[in-house]
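Given next are the chains, with one letter for each unit.
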Amino acid sequence: MGKTFYGVELPNPLMLGTAQYPSPALLEEAFRASGAGVATVSLRREGAGGTGQTFWQMIADLDVLVLPNTAGCHTVKEAVTTAHMAREVFDTKWIKLELIGHTDSLQPDVFQLVEAARILSEDGFEVFPYTTEDLIVGERLLEAGCEVLMPWGAPIGSGRGLNNTYALRAMRAEFPDVPLVVDAGIGLPSHAAAAMELGFDAVLLNTAVARAGDPVAMAKAMMAAVEAGRMGYDSDPIEARDMAEASTPVIGKAFLS
Amino acid sequence: MKIVLNGEAREVAATDLAGLLAECGFSGRVATSLNEEFVPAGLRAAQALTNGDRVEVVAPMQGG
């Protein structure tokens, strides 16, 4: 049984983004095909003709949990204000808190992240912080009121997979009871499976599906991967070793030479 | 009155935030800010506008 996210049990370990698909129709088809139980969304300036309302109707029809983000925010004030707007628009306390610190890598500004997480947690938000794999930052986020940590696998949209499995494994060991999500950097199903094999509780990805040549097939592949990774982790896998160990019994082999 | 709505200079007749949304055709799920401060939906009607105000109106969009 997986851990709960602020008391909510997810139907499966996949959180899927809704951006960058070739068309709204493909977004909807891929999302439904994936079976993901959580959709990440954002807030942007409303366009002429109410484009946001059309999008919202499609998301509402998916009947999944909605996780709004503060993507693109560079200051605590900006992120906190965005979170308040998101809470009103999406009618949820959940917020994927992003505080971007570096232009090229989109690395989180963890100092502002902790500050914003504290402000929002005290205001009743349930914060999903997009963070690095730094253990001390993780500890500070938990102290600030977060009950979930979402370290990056690699920079957003890079598709590099898990850049630092050593640190992610350490994070799992350090926070055994905290729901952990690898958020960002996934490119292949094997990356998503690897995150789950480390004992993570979910994987959040977007670009890997949205920008694939066949988003629908990739969406299914990602779900299969996270499910396989979780089953593998739960199955208590063998330790790797350097040399071979024959699997076929030696005893009883016929003498033929 | 001249305001800046979603980054564009506009001449509007509305004198409060709720009136501005109606005048500009916004409806449904939107959130508002005035001069970079969040204005909850319930306070829009009481939120007077003044010349040069900066208003943001945001809505659900795709996100990762």
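Check the entry above for the structure.
Residues numbered from 1 in each chain as written. Chains lettered and ligands numbered in written order. Predicted model: local features only at pLDDT ≥ 70, side-chain atom pairs only at ≥ 80, totals over all residues. Heavy atoms only, no water.

> Just checking my understanding: could you explain helix α3 (residues 76-90) of chain A for this structure?
Three or four residues apart is the spacing at which side chains of an α-helix point the same way, because the helix has 3.6 residues per turn. All names here are of chain A. Taking 1.5 Å as the rise per residue, α3 with 15 residues should run 21 Å; its terminal C-alpha atoms sit 21 Å apart, in good agreement. The buried fraction of α3 is high, at 11 of 15 residues. For α3, the full list of buried residues reads Val 76, Ala 79, Val 80, Thr 81, Thr 82, Ala 83, His 84, Met 85, Ala 86, Val 89 and Phe 90. One or two positions beyond α3, positive phi appears at Asp 91, with a value near 55°. (Helix = DSSP H or I, 4+ residues; strand = E, 2+ residues; numbered from the N terminus. Expected span 1.5 Å × (residues − 1). Buried < 20%, exposed > 50% of the residue type's maximum accessible area, 1.4 Å probe, protein only.)

> Before we go on, may I ask you to explain the interface of chain A and chain B in this structure?
Frequently, the measure chosen for interface size is the accessible area that the parts lose on association. Residue-level contacts link 29 residues of chain A with 25 residues of chain B. In total, chain A and chain B occlude about 2,200 Å² of area from one another, counting both sides; carbon and sulfur atoms represent 57% of this. The three residues of chain A that bury the most area against chain B are Arg45(A), Met85(A) and Glu88(A), which together make up 28% of that side's buried surface. For the pair chain A and chain B, the number of links is 3 salt bridges. Across the contact surface, chain A and chain B share 17 residue pairs in polar contact (both at pLDDT 80 or more). Where the side of chain A that touches chain B is concerned, the elements lending two or more residues are β2 (38-45), α2 (51-62) and α3 of chain A. The greatest single-element share of the side of chain A that touches chain B, amounting to 7 residues, is contributed by α3(A). Looking at the side of chain A that touches chain B residue by residue, the class counts come to 10 nonpolar, 11 polar and 8 charged. Where β2(A) and strand β5 (residues 54-62) of chain B come together, 5 bridges link them in antiparallel fashion. Looking at the pairing, Leu43(A) lines up with Pro60(B) of β5(B). (Contact = heavy atoms within 4.5 Å. Buried area = accessible area lost by both parts, 1.4 Å probe. Salt bridge = Lys/Arg side-chain N within 4 Å of Asp/Glu carboxyl O. Polar contact = N/O pair within 3.5 Å; in protein donor to acceptor, adjacent residues only side chain to side chain. Nonpolar A, V, L, I, M, F, W, Y, C, P; charged D, E, K, R; others polar. Pairing = 2+ DSSP bridges.)

Everything listed here is a matter of coordinates, which is why it stays silent on function.
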